[in-house]
Amino acid sequence: MKDDDALRTELRALVGADGVLTEGADTAPFLVDERRLYRGRALAVALPRTVEQVARVVGWCNEHRLGLVPQGGNTGYCGGATPDESGRQLLLSLRRLNRIRAIDADNFSITAEAGCVLASVQQAADALERFFPLSLGSEGSCQIGGNLATNAGGLNVVRYGMARDLLLGIEAVLPDGQVFDGLKSLRKDNTGYDLKSLLVGSEGTLGVITAATLKLWPKMRSSATAFVALATPENAVKLLGVLRAQAGERLSSFELLPRIAIELTTRYISGVTDPLTTAYPWYILCELSSAADEPLSELLQQTLADAAERSLLLDAALATSERVRAAFWRLRETVPEAQRLAGSSLKHDISVPVASLPAFISEASLWVQAHVRDGVLVCYGHAGDGNLHFNISGIDRARSETFLAQEPQIRRAIHDLVAKFAGSISAEHGIGRLKREELRRYASPVALGAMRAIKQALDPNGIMNPGKLL
Ligand code: FAD
Ligand code: 2HG
Ligand code: ZN
């Protein structure tokens, strides 16, 4: 086995001296995950600028049997982009592979390199009167490659689907260093196994995504946004039905928030205020949008009035300007940050069938009340997709260790309940290193066997993101 210095010298020959970081101060930000759950070490951080350089690095890792950890914006929640503690894995950052290669307004498609920050793809589409609907709180730093590798969800899934649904074509470097050029921009293509779909959600374990062709929509010209107060999650599910029936495809977001989310954000995030004057137990932040010039505020107002007549809501505030709309969204998008500032938290990114949300929330909340010491439930999320961030925040900083020590029992109870409701233990954040054992426990053995066979076929030397997902 070659020593580390010899390997680093070879690596510099592949990507240039400025494309290899080895000094502690330079590599440190790449070696810790967003939630500070994992701290790794690396042989080096490689920063290729071209697909050819990525291919050379992957082929070289395969030859030397070196583990390779792809990293995008490093905003992932499951430690998937952090190398292990051995110091023998190579971290491959895609941040310099960040060109928009093409936008085809007539074909409603954009081709972006993996390292493009999500917000820059949204902006590039907007400049050509087009709309790219993937939207997450981390959109200012997460990257398209990371979004696809995790099959990201976010705030517009109820209408547009997850990252997988937005993908037309992909370019990726496979574990043996071959470039798979699948950058098609076709809406219909039934020519065998869907390799692009296999790479989506593979969390860097099957190859390095280097570029993608993504679907665009016409630019949105009208929108209407409301912050609605409700007594129960049952009413939220009924309200969703009413909105879907009356607004159809115009419903683009349907987010659930509990009272505590308002308390946390108003306390910890500067400038956030309660949109309503009275405190209520639950809230829905919903948005209608359309590419046509439509009176959506009237439609939303009328729909909410109908829902009020059926006693589904307690109060509502409509966004009367772009400034108010942005304030509603800021409240929603800063809940994770407020939770972080409030102290330690235990997170469960789960989904159940939408109709089962109320029963799940009721049963799981009772369990938390009865069994969790020093913690308060912060259950919010993408209710229109049946996806809850069923999180618990520690209430006493001085006792955060005893709070966190309950994690295994809490996780087990909540995930068992998710399984009882035929749900998922990872709705949108993936598996990474964090939920590997959970996947093993809750996935069907047949599915796991097929996943392992795929991994073995594509990456027989196990170089791609070892220790993640499987
Ligand atoms: P990274 O964290 O860098 O990597 C994630 C995984 O993908 C790793 O396994 C990595 O190895 C792999 N990977 C990265 N790039 C590539 C590549 N080019 N090829 C192959 N594998 C690759 N997620 C949601 O789904 N919905 C949300 O609403 C949401 N909101 C968030 C809000 C905040 C404030 C934060 C901090 C995170 C949020 N996330 C959300 C989680 C996170 O932003 C997403 O998972 C995002 O898709 C990760 O992208 P990234 O570029 O940061 O990937
Ligand atoms: C969100 O929806 C993100 O805000 C983060 O997926 C969720 O912090 C979380 O638990
Ligand atoms: Zn989310």
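Residues numbered from 1 in each chain as written. Chains lettered and ligands numbered in written order. Predicted model: local features only at pLDDT ≥ 70, side-chain atom pairs only at ≥ 80, totals over all residues. Heavy atoms only, no water.

### Some points on the coordination of the zinc ion (ligand 3)
In an ideal octahedron of six donors the angles at the metal are 90 or 180 degrees, and in an ideal tetrahedron of four donors they are 109.5 degrees. Around the zinc ion (ligand 3), the protein contributes the donor atoms His382 (NE2), His389 (NE2) and Glu428 (OE), which lie 1.9 to 2.1 Å from the metal centre. Mapped onto the sequence, the residues coordinating the zinc ion (ligand 3) show the spacing H-x6-H-x38-E. Overall, the relative accessible area of 6% leaves His389 in the buried class. (Donors = N, O, S within 2.8 Å, 3.2 Å for Na, K, Ca; no water. Buried < 20%, exposed > 50% of the residue type's maximum accessible area, 1.4 Å probe, protein only.)

### Focus: the pairing of strand E9 (residues 179–182)
Sheet analysis places strand E8 (residues 167–173) next to E9, joined by 4 bridges and oriented antiparallel. Paired with Ile170 across the bridge in E9 is Gly182. Joining the antiparallel neighbours E8 and E9 is a turn of 5 residues, in which Gly177 adopts a positive phi near 95°. (Pairing = 2+ DSSP bridges. Helix = DSSP H or I, 4+ residues; strand = E, 2+ residues; numbered from the N terminus.)

### A closer look at the site of ligand 2
In the neighbourhood of ligand 2, the contacting residues comprise Tyr77, Arg332, Pro336, Lys347, Tyr380, His382, His389, Asn391, Glu428 and His429. One nitrogen or oxygen atom from the side chain of Arg332 is found 2.7 Å from an oxygen atom belonging to ligand 2. One nitrogen or oxygen atom from the side chain of His389 is found 3.0 Å from an oxygen atom belonging to ligand 2. Contact with the protein chains removes 87% of the 300 Å² of surface that ligand 2 exposes when unbound. Elements represented by at least two residues in the shell around ligand 2 include exactly strand E18 (375–382) and strand E19 (387–394). By residue class, the composition of the shell around ligand 2 is 3 nonpolar, 4 polar and 3 charged. (Near = heavy atom within 4 Å. Polar contact = N/O pair within 3.5 Å; in protein donor to acceptor, adjacent residues only side chain to side chain. Areas by Shrake-Rupley, 256 points an atom, 1.4 Å probe, with all protein chains shown as cover. Nonpolar A, V, L, I, M, F, W, Y, C, P; charged D, E, K, R; others polar.)

### A few points about the packing of helix H9 (residues 259–268) against helix H12 (residues 335–342)
Running from N to C, H9 and H12 cross one another at 75°; their axes reach a closest spacing of 9 Å. Taken as axis vectors, H9 and H12 run roughly perpendicular relative to one another. Packed against H9, whose contacting residues are Ala261, Leu264, Thr265 and Tyr268, the element H12 presents Val335, Ala338, Gln339, Leu341 and Ala342 at the interface. In terms of residue class, the contact of H9 with H12 is made up of 7 nonpolar, 2 polar and no charged. (Axes fitted to C-alpha atoms, helices over the stretch in contact; angles between N-to-C directions. Parallel < 35°, antiparallel > 145°, perpendicular 65-115°, else oblique. Contact = heavy atoms within 4.5 Å.)

### What to know about the pairing of E18
Here E18 pairs with E19 via 8 bridges, running antiparallel. In the sheet register, Gly381 faces E19, and the bridge partner there is Leu388. As consecutive antiparallel partners, E18 and E19 are separated by 4 residues, and within that stretch Gly386 has a phi angle of approximately 70°, a positive value.

### Concerning the site of ligand 1
Around ligand 1, a shell composed of 35 residues is seen, among which Pro70, Gly72, Thr75, Gly76 and Ser138 lie nearest. A distance of 2.6 Å separates an oxygen atom of ligand 1 from a polar atom in the backbone of Pro70. Between Asn465 and ligand 1, the recorded distance is 3.2 Å, taken from a side-chain N or O atom to an oxygen atom. If you list the elements that add at least two residues to the shell around ligand 1, you get strand E3 (68–71), helix H5 (144–150) and strand E10 (208–215). Here the shell around ligand 1 gets 5 residues from one element, more than from any other, and that element is H5. Residues that form the shell around ligand 1 fall into these classes: 11 nonpolar, 21 polar and 3 charged. Split by domain, the shell around ligand 1 shows at least three residues from each of two domains, domain 1 (100–218) and domain 3 (343–429). (Domains from an automatic or database assignment.)

### Observations regarding the state of the cysteines
What the rule picks out here adds up to 0 disulfides. With no disulfide of its own, Cys142 lies 12 Å from the sulfur of Cys116, the closest cysteine sulfur. Unpaired in this structure, Cys286 has its nearest cysteine sulfur neighbour in Cys379, at a distance of 18 Å. When its relative accessible area of 0% is taken as the criterion, Cys286 is described as buried. (Disulfide = S-S within 2.5 Å.)

### Here we look at the domain arrangement of the protein
Annotation of the protein at the domain level lists domain 1 (100–218), domain 2 (222–336) and domain 3 (343–429). Opposite the 16 residues of domain 2 that make contact, domain 3 presents 18 residues. Surface buried jointly by domain 2 and domain 3 totals about 1300 Å² across both partners, of which 71% is contributed by carbon and sulfur atoms. Between the two partners, domain 2 and domain 3, sit 4 residue pairs in polar contact (both at pLDDT 80 or more). Contributions of two or more residues to the side of domain 2 that touches domain 3 are made by helix H8 (233–247), strand E13 (251–258), H9 and H12. In terms of residue count, the dominant contributor to the side of domain 2 that touches domain 3 is E13 (5 residues). Considering only residue class, the side of domain 2 that touches domain 3 consists of 13 nonpolar, no polar and 3 charged. (Buried area = accessible area lost by both parts, 1.4 Å probe.)

### Overview of the sheet that holds E3
Read from one edge of the open sheet, 4 strands run E1-E2-E4-E3, paired in mixed fashion. Two strands close off the open sheet at either side, each with one partner strand: strand E1 (20–21) and E3. As paired strands, strand E2 (residues 44–46) and strand E4 (residues 90–93) are joined by 3 bridges and run parallel to one another. Note that in E4 the partner of Ala44 across the bridge is Leu90.

### What about the sheet that holds E8?
Taking strand neighbours across the sheet as the criterion, the 5 strands line up as E5-E6-E10-E8-E9 in an open arrangement whose pairing is antiparallel. Of all strands in the sheet, those with a lone pairing partner are strand E5 (100–104) and E9, marking the two edges. For this sheet the average axis-to-axis angle between neighbouring strands, irrespective of direction, equals 10°. The strands touched by helix H3 (residues 51–64) are E5, E8, E9 and E10; relative to E8, the strand with the most contacts, the crossing angle is about 50°. Its contacts with the sheet put helix H4 (residues 118–127) on E5, strand E6 (109–113) and E10, and the angle it makes with E5 is roughly 35°.

### Topic: the nonpolar core
Ranked by internal contacts, the top residues of the largest apolar core, which has 49 residues, are Val228, Leu239, Ile284, Cys286 and Phe360. Contributions of two or more residues to this core are made by strand E12 (222–230), H8, E13, strand E14 (282–290), helix H10 (296–309), helix H13 (357–371), E19 and helix H15 (407–420). No fewer than three residues from each of domain 2 (222–336) and domain 3 (343–429) sit in this core. Apart from the residues within four sequence positions on either side, Ile284 is in contact with Ala226, Phe227, Val228, Leu230, Ala236, Leu239, Phe254, Glu255 and Leu256. Counting 28 residues, the second largest nonpolar core, distinct from the first, contains Val121, Ala124, Ala125 and Ala172. (Core = buried A, V, L, I, M, F, W, Y, C linked by side-chain atoms within 4.5 Å.)

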